[in-house]
Amino acid sequence: MFTIDSIVLYVEDINRSKDFYADIFNCEPQVLSPTFVALEFAANVTITLKQSADLTPASSITGGGTELSMPVADKTTFDELYQSWCTKGVKFAQTPAELIFGFNFVALDPDSHRIRVFTK
(Lines give C-alpha, C1' and ligand atoms only; values in the text may rest on other atoms or scores of the structure.)
Protein backbone atom coordinates (compact mmCIF):
# COMPACT_ATOMS: atom_id res chain seq x y z
CA MET A 1 0.00 0.00 0.00
CA PHE A 2 1.16 3.51 -0.76
CA THR A 3 0.87 6.63 1.35
CA ILE A 4 0.52 10.22 0.22
CA ASP A 5 3.02 12.62 1.72
CA SER A 6 1.12 15.83 1.02
CA ILE A 7 -1.14 17.75 -1.32
CA VAL A 8 0.83 20.40 -3.22
CA LEU A 9 -0.82 23.63 -4.32
CA TYR A 10 0.97 25.81 -6.86
CA VAL A 11 0.82 29.43 -5.73
CA GLU A 12 1.84 32.73 -7.27
CA ASP A 13 3.01 34.41 -4.06
CA ILE A 14 4.31 31.98 -1.43
CA ASN A 15 4.20 34.49 1.44
CA ARG A 16 0.66 35.67 0.71
CA SER A 17 -0.58 32.05 0.52
CA LYS A 18 1.37 31.00 3.61
CA ASP A 19 -0.19 33.82 5.61
CA PHE A 20 -3.68 33.07 4.25
CA TYR A 21 -3.61 29.38 5.22
CA ALA A 22 -1.92 30.00 8.58
CA ASP A 23 -4.67 32.51 9.40
CA ILE A 24 -7.76 30.55 8.33
CA PHE A 25 -6.56 27.19 9.70
CA ASN A 26 -4.87 28.69 12.76
CA CYS A 27 -1.68 26.70 12.23
CA GLU A 28 2.04 27.38 12.13
CA PRO A 29 3.53 26.98 8.65
CA GLN A 30 6.85 25.22 8.29
CA VAL A 31 9.05 27.05 5.80
CA LEU A 32 11.03 24.33 4.04
CA SER A 33 12.68 26.75 1.60
CA PRO A 34 11.95 30.28 0.31
CA THR A 35 9.64 28.73 -2.30
CA PHE A 36 8.16 25.76 -0.39
CA VAL A 37 5.96 25.79 2.76
CA ALA A 38 4.22 22.95 4.61
CA LEU A 39 1.04 23.34 6.66
CA GLU A 40 -0.18 20.58 8.95
CA PHE A 41 -3.65 21.64 9.97
CA ALA A 42 -5.47 18.32 10.45
CA ALA A 43 -4.61 14.80 11.50
CA ASN A 44 -2.56 13.14 8.75
CA VAL A 45 -3.15 16.00 6.30
CA THR A 46 -0.31 18.17 5.07
CA ILE A 47 -0.77 20.84 2.45
CA THR A 48 2.37 22.16 0.86
CA LEU A 49 2.55 25.40 -1.06
CA LYS A 50 5.01 25.66 -3.93
CA GLN A 51 5.93 28.91 -5.67
CA SER A 52 4.75 28.28 -9.25
CA ALA A 53 7.54 30.33 -10.85
CA ASP A 54 10.14 28.02 -9.29
CA LEU A 55 8.79 24.57 -10.25
CA THR A 56 11.19 21.92 -11.50
CA PRO A 57 10.33 20.90 -14.08
CA ALA A 58 8.44 24.03 -15.11
CA SER A 59 4.67 23.75 -15.39
CA SER A 60 2.03 25.73 -17.23
CA ILE A 61 -0.55 24.84 -14.58
CA THR A 62 -1.72 27.83 -12.58
CA GLY A 63 -3.84 28.16 -9.44
CA GLY A 64 -7.52 27.48 -9.12
CA GLY A 65 -7.52 23.88 -10.28
CA THR A 66 -7.84 22.26 -6.86
CA GLU A 67 -10.62 21.86 -4.32
CA LEU A 68 -9.89 20.89 -0.74
CA SER A 69 -12.87 19.24 0.95
CA MET A 70 -13.26 19.81 4.68
CA PRO A 71 -16.01 18.34 6.87
CA VAL A 72 -16.99 20.00 10.14
CA ALA A 73 -18.78 18.32 13.04
CA ASP A 74 -22.08 20.19 13.05
CA LYS A 75 -24.09 23.15 11.77
CA THR A 76 -23.02 25.39 14.68
CA THR A 77 -19.33 24.83 13.90
CA PHE A 78 -20.08 25.34 10.20
CA ASP A 79 -21.79 28.69 10.85
CA GLU A 80 -19.04 29.85 13.24
CA LEU A 81 -16.31 28.98 10.74
CA TYR A 82 -18.10 30.82 7.93
CA GLN A 83 -18.52 33.92 10.09
CA SER A 84 -14.88 33.76 11.21
CA TRP A 85 -13.65 33.56 7.61
CA CYS A 86 -15.96 36.42 6.59
CA THR A 87 -14.42 38.54 9.36
CA LYS A 88 -10.96 37.67 8.04
CA GLY A 89 -11.89 38.87 4.55
CA VAL A 90 -11.92 35.47 2.85
CA LYS A 91 -13.56 35.50 -0.60
CA PHE A 92 -16.25 32.94 -1.44
CA ALA A 93 -17.30 31.23 -4.64
CA GLN A 94 -20.41 30.03 -2.82
CA THR A 95 -21.99 31.30 0.37
CA PRO A 96 -23.64 28.79 2.73
CA ALA A 97 -26.27 26.71 1.00
CA GLU A 98 -28.14 23.51 1.74
CA LEU A 99 -27.62 21.00 -1.05
CA ILE A 100 -28.59 17.34 -1.35
CA PHE A 101 -25.55 16.23 0.68
CA GLY A 102 -25.93 18.87 3.41
CA PHE A 103 -24.81 22.41 4.13
CA ASN A 104 -21.69 23.73 2.40
CA PHE A 105 -19.82 26.83 1.34
CA VAL A 106 -16.83 27.29 -0.94
CA ALA A 107 -14.00 29.67 0.01
CA LEU A 108 -11.25 30.79 -2.37
CA ASP A 109 -7.59 31.09 -1.50
CA PRO A 110 -5.45 33.86 -3.07
CA ASP A 111 -4.84 31.67 -6.16
CA SER A 112 -8.53 30.68 -6.49
CA HIS A 113 -8.05 27.13 -5.18
CA ARG A 114 -11.37 26.12 -3.63
CA ILE A 115 -11.91 25.11 -0.01
CA ARG A 116 -15.30 23.40 0.36
CA VAL A 117 -16.56 23.20 3.94
CA PHE A 118 -19.56 20.95 4.60
CA THR A 119 -21.71 19.37 7.29
CA LYS A 120 -24.95 17.43 7.41
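Calculation rules
Residues numbered from 1 in each chain as written. Predicted model: local features only at pLDDT ≥ 70, side-chain atom pairs only at ≥ 80, totals over all residues. Heavy atoms only, no water. Helix = DSSP H or I, 4+ residues; strand = E, 2+ residues; numbered from the N terminus. Expected span 1.5 Å × (residues − 1). Buried < 20%, exposed > 50% of the residue type's maximum accessible area, 1.4 Å probe, protein only. Polar contact = N/O pair within 3.5 Å; in protein donor to acceptor, adjacent residues only side chain to side chain. Phe/Tyr/Trp six-rings, centres within 6.5 Å; stacked < 30°, edge-to-face > 60°. Lys NZ or Arg CZ within 6 Å of the ring centre and 35° of its normal.

## Considering helix α1 (residues 14–25)
Okay, step 1: Its 12 residues give α1 an end-to-end C-alpha distance of 16 Å, which sits within 8% of 16 Å, the value for a rise of 1.5 Å per residue.
Okay, step 2: The set of residues buried in α1 consists of I14, S17, K18, F20, Y21, A22, I24 and F25.
Okay, step 3: The opening residue of α1, the one whose side-chain oxygen lies 3.1 Å from the backbone nitrogen of N15, is D13.
Okay, step 4: Where α1 ends, the next residue or the one after it, N26, has phi of about 50°, a positive value.

## Examining the packing of aromatic side chains
Okay, step 1: Tallied over the full model, the rule gives nine aromatic pairs.
Okay, step 2: When the centroid spacing of 6.0 Å and the interplanar angle of 75° are considered together, the rings of F25 and W85 count as edge-to-face. Taken as a pair, F25 in helix α1 and W85 in helix α2 (residues 75–87) lie far apart in primary sequence, 60 residues in all.
Okay, step 3: Under the relative-accessibility criterion, W85 is labelled buried at 0%.
Okay, step 4: Residues Y82 and F92 carry aromatic rings whose centres are separated by 4.8 Å and whose planes lie at 50° to one another, so their mutual orientation is tilted. Of this pair, Y82 sits in helix α2 while F92 is found in strand β6 (residues 91–99), placing the two residues 10 residues apart along the sequence.
Okay, step 5: By the ring-pair criterion, three or more aromatic residues cluster together here, those being F20, Y21, F25, F78, Y82, W85, F92, F103 and F105.
Okay, step 6: Between the NZ or CZ atom of K75 and the centre of the ring of F103, over which it lies, the distance is 4.6 Å.

## Some details on unusual backbone geometry
Okay, step 1: Cis rather than trans, the peptide bond between T56 and P57 has omega equal to -5°.
Okay, step 2: Within the secondary structure, P57 is located in the loop between β4 (45–51) and β5 (67–71).
Okay, step 3: Even without glycine at this site, N26 takes up a positive phi of about 50°.
Okay, step 4: Here N26 lies in the loop between α1 and β2 (30–33).
Okay, step 5: On the basis of relative accessibility, which here comes to 71%, the residue N26 falls in the exposed class.

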